[in-house]
Each structure stands twice: as structure tokens, then as C-alpha cells.
Amino acid sequence: MVHKKFAVKKIGVIERYQEFLPVTDNTPIISLNEGNTPLILAEALPVYLGLKNIKIYYKFEGLNPTGSFKDRGMTMAISKALEEKASAVICASTGNTSASAAAFASRCGLRCFVLIPEGKIAKGKLIQAYRYGAKVLMIPGNFDQALELVKRVTQDNRITLVNSINPYRIEGQKTAAFEIVDDLGDAPEYHAIPVGNAGNITAYWRGYKEYRRAGKCEVLPKMLGFQAEGAAPIVYGKPVEKPETIATAIRIGNPASWKGAVQARDESGGLIEAVTDPEISWAYRFIAEREGVFAEPASAAAVAGMIKLARRNYFEENTRIVITLTGSGLKDPDYALSFEDKIEAVEPTFEAVSKVVFASR
Ligand code: F0G
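Since the structure is predicted, the reported quantities are computational estimates derived from the model, not experimental observations. (Residues numbered from 1 in each chain as written. Predicted model: local features only at pLDDT ≥ 70, side-chain atom pairs only at ≥ 80, totals over all residues. Heavy atoms only, no water.)

**A closer look at the overall build of the chain**
Phase 1: What the chain contains, in helices and strands, is 15 helices and ten strands.
Phase 2: The C-alpha radius of gyration of the chain comes to 21 Å, within 12% of the 21 Å expected for a compact globule of 361 residues.
Phase 3: Each principal axis of the C-alpha distribution contributes one length, and for the chain these read about 65 × 65 × 50 Å.
Phase 4: Here the chain, with 361 residues, has 56% of them falling under the buried criterion. (Helix = DSSP H or I, 4+ residues; strand = E, 2+ residues; numbered from the N terminus. Rg over C-alpha atoms; globule rule 2.2 N^0.38 Å. Buried < 20%, exposed > 50% of the residue type's maximum accessible area, 1.4 Å probe, protein only.)

**Remarks on the state of the cysteines**
Note on terminology: disulfide describes a covalent bond linking the sulfur atoms of two cysteines.
Phase 1: For the structure on display, the rule yields zero disulfides.
Phase 2: Summary of cysteine pairing: Cys108 is not part of a disulfide, and the nearest cysteine sulfur, belonging to Cys112, is at 9.7 Å.
Phase 3: Summary of cysteine pairing: Cys112 is not part of a disulfide, and the nearest cysteine sulfur, belonging to Cys91, is at 5.6 Å.
Phase 4: The exposure class assigned to Cys112 is buried, which follows from its relative accessible area of 8%. (Disulfide = S-S within 2.5 Å.)

**Quick look at the environment of Asn36**
Phase 1: Relative to the elements of secondary structure, Asn36 occurs in the loop between helix H1 (13-16) and strand S1 (39-41).
Phase 2: Among the residues examined, Asn36 registers a relative accessible area of 46% and is labelled partly exposed.
Phase 3: Polar side-chain contacts of Asn36 include one of 3.3 Å to the side chain of Arg16. (Polar contact = N/O pair within 3.5 Å; in protein donor to acceptor, adjacent residues only side chain to side chain.)

**A closer look at the sheet that holds strand S8 (residues 222-228)**
Phase 1: Overall, mixed pairing links the six strands, which are arranged S1-S2-S10-S7-S8-S9 in an open sheet. Both outer strands of the open sheet, S1 and strand S9 (271-275), are each paired with one neighbouring strand and no more. Taken over all neighbouring pairs, the strand axes of this sheet differ in orientation by 25° on average, direction set aside.
Phase 2: Judged from the seven bridges that link them, strand S2 (residues 54-60) and strand S10 (residues 319-325) form a sheet pairing that is parallel. The residue bridging Tyr57 from the neighbouring strand is Val322, located in S10.
Phase 3: Most of the contacts of helix H8 (residues 175-184) go to S2, to which it runs at about 135°, and overall it touches S1, S2, strand S7 (190-194) and S10.
Phase 4: The strands that helix H12 (residues 277-291) touches are S2, S8, S9 and S10; relative to S9, the one it contacts most, it runs at about 95°. (Pairing = 2+ DSSP bridges. Axes fitted to C-alpha atoms, helices over the stretch in contact; angles between N-to-C directions. Contact = heavy atoms within 4.5 Å.)

**Overview of the site of the ligand**
Phase 1: Near the ligand, the surroundings consist of 20 residues, among which Ser93, Asn197, Ala198, Asn200 and Thr326 are the closest.
Phase 2: At 2.7 Å from an oxygen atom of the ligand is found a side-chain nitrogen or oxygen belonging to Ser93.
Phase 3: Within the contact set of the ligand, an oxygen atom lies 3.1 Å away from a backbone nitrogen or oxygen of Gly199.
Phase 4: Contact with the protein chains hides 99% of the accessible area of the ligand, taken as 470 Å² for the molecule alone. (Near = heavy atom within 4 Å. Areas by Shrake-Rupley, 256 points an atom, 1.4 Å probe, with all protein chains shown as cover.)

**Points about the side chain of Lys80**
Phase 1: In this structure, Lys80 sits in helix H3 (residues 70-83).
Phase 2: Among the polar contacts listed, one links the side chain of Lys80 to the side chain of Glu83, at a separation of 3.1 Å.
Phase 3: Once residues within four sequence positions are removed from consideration, Lys80 is found in contact with Pro22, Val23, Thr27 and Tyr168.

**So, the sheet that holds strand S3 (residues 88-92)**
Phase 1: With respect to topology, four strands assemble into an open sheet ordered S5-S4-S3-S6, the strand pairing being parallel. The sheet is open, and its two borders are formed by strand S5 (135-139) and strand S6 (159-161), each paired with just one other strand. This sheet shows a mean twist of 20° between the axes of neighbouring strands, independent of strand direction.
Phase 2: Sheet topology note: the S3/strand S4 (residues 111-117) ladder contains five bridges and is parallel. Looking at the pairing, Ala88 lines up with Arg111 of S4.

**Here's the deal with the packing of helix H9 (residues 199-213) against helix H11 (residues 258-268)**
When two helices pack together, their arrangement is captured by the angle between the axes and the distance separating the axes.
Phase 1: At a closest axis distance of 8 Å, the pairing of H9 and H11 adopts a crossing angle of 45°. With respect to each other, H9 and H11 are oriented oblique. The hand of the H9/H11 crossing is left-handed. In contact with Ile201, Thr202, Trp205 and Lys209 of H9, H11 contributes Gly260, Ala261, Gln263, Ala264, Glu267 and Ser268.
Phase 2: The residue inventory of the contact of H9 with H11, partitioned by class, reads four nonpolar, four polar and two charged. (Parallel < 35°, antiparallel > 145°, perpendicular 65-115°, else oblique. Left-handed = near helix turned anticlockwise from the far one by under 90°. Nonpolar A, V, L, I, M, F, W, Y, C, P; charged D, E, K, R; others polar.)

Laid out in C-alpha cells, this is it:
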């Protein structure tokens, strides 16, 4: 019998989609087996919305190695930084980019610096950057200011910027669209996604277009982007100086890939709209409590947006909708625990426990 133990193959996105990515035989591939995330059929949501002939899927990116979609872009950005002999990498981040950059940098011994907005980053993400060994710099300012700073720092030396203005990031992230087509057999008619710095919506649209050009799909989805109401520059058509939302991942007032997002919206015949914090919060709880899918608040913005559109009968019958859930719910324990209604202190006695259990069966 052939021993299977040694047949384990690396299955990161670069190896899987090499022909669509700007890599050569000289590119050292730094991978954590990212990608290949599940496309989960929504059960409760279509019933709740009364949608009979529309299928909804969650592309659950929270199951990537560092718990967000950023790993797809980071495997590319770090591999190329290494190939180009960078001495270190740096990024500004609302949290997930820093976690991912730190992980991939640690894997290949590159130094990593991250600039984060003090007090406005979910604890899980901060812990990750710190534990993967990055140098964490907290600034008393927001993401937009942090991004301006790292852009300046990387202007004239060998430190590589790994925010999504690094073109390799978008290249890696487009592989999520490839996976969806590979799973569904074609692209969905609609794709809902949260928008922050706007790299991901840009990446998906590029991915779908490239896959269609390669004959892998016929449909191109309408791209439906959602920003938080307090941080919705693209919706308002102008930068927001002091962005605010509970969805700290998308608390961004001047997105770097603004043009890419607008292009995705307009070319696809889609839209970019705002959702309120209460709408985000409601969707966040719904998918966790009714679907068994725990995503972070920014991810829930896309669910909230999809619900809003369904209520105005936006979706045509006999279609498919994919919603990207960008990050894991475990990233933000403070927000997760801020709803006290299901936590109750009881005495450690049989009587006290059974009273609660039998009363609420
Ligand atoms: N969802 C999550 C969980 C994110 O972390 C981000 C971005 C987005 C959505 C928005 O994606 O920026 O491509 O439009 N997070 C970045 C970061 C800004 O620093 O981690 P985008």
C-alpha cells in the first residue's frame, strides 16, 4: 500500500490558480494553505425573507488561516516582497490586514510593522499581530491617517507596503471569485460584499471578469457593495473625515481603491449603498443565531445590505446571490459579548439550573 502521509499537497491560492497570477518559477511561495473556503447555503435567511426561487450562499472567509480574506492577498504580497528582496513590510490596518501581514511575514522571517488606530481595533486582531511577532504601532488617529503615514514611509526605501494599494494584494484576493465559480459551475447573478478600503470589491470584479474571459463562466454578477452609514464615502461621493461605525474593520473615510469600487459597481450594473449600525448588528446576530455562521460585524454589513435590497424586491427570481463573509466572529470578542440578554448568572445548584432550563425549553 502506498503511504498517503507524504502525498499531502500544499493547497494555497498561488498554487491553485498560478496561471492567473503574476508569479514565476523564481517566486518563493509563502503560503499557509489559505483559500478553499466553504460556500455555505443559507437556510434561514431565504425563509425569513420569503424568497422561494433565490438561493443565497455565504462565502465564509473567516475560515482562512488568520480568520479573514486578507490571507489570499497576503500570500501574494509577501511572496513577491521576498522575491524582490524587501528588508521589511509595513501596513496600516483596521486589524485584519495587520494580522495577516504579521503571520505571513513571520513564516518567512521578514520584519513586519503595523500601524493601527488606537482603541478602534478588535481585540482578536490586535492579539494576532502582536503574537505573530509584528512591531505594533498604535496611533491616536484613524485608518486613513495611518495609511497616509505608511505610504510616506515606503516612498524611498526597501520597506514594502502590503496594504491593498500593493497590486499583488488585489491579484491574490481575486481568487475568491474563482473559487465561487468553481463551486457553483458559473458566477452568481448577484454578489454582496462589505466595502471599506474597497480593495476586495475591486478584486472580486477583476476575478469574475478574468474567469469569464478564460471561458470558465458565462454570467457576470451585479456587484453589490455595502458601507456603514457613518463611514460611507463612496455612497456620499466624498471623503468622510471622521468615520464611525461599530464595524471597526470598515471604519474608513477615504478608501484607496475608490475608483476600483466605482468601476465594479458601474460595469456590473450593481450598486454601493449604506447600512446603519443597528442593521449591521441585527444581521450579525441573525446569521450566528439562526444559521450557525459566526462572522464579524463588518461582514454582517453585506448581509444587512442584501436584506435591505430583498425588502424592496430588488432580486429577480431563479437567481443566486453570494454574500462574502469577510472575517470570523471570533475577531471581535468585545462586540460579541456586548449583548447580555442570553447570559445569566445562576447559583451552582440543581434547583437553580433546572429552573432556568425547564422554564425556557
Ligand atoms: N471586512 C473585513 C472583516 C475587513 O477587515 C475589511 C477590511 C473589509 C471587510 C473591507 O474590505 O477594505 O477591501 O474594502 N479591512 C482592512 C484592514 C481595511 O486593515 O484589515 P476592503
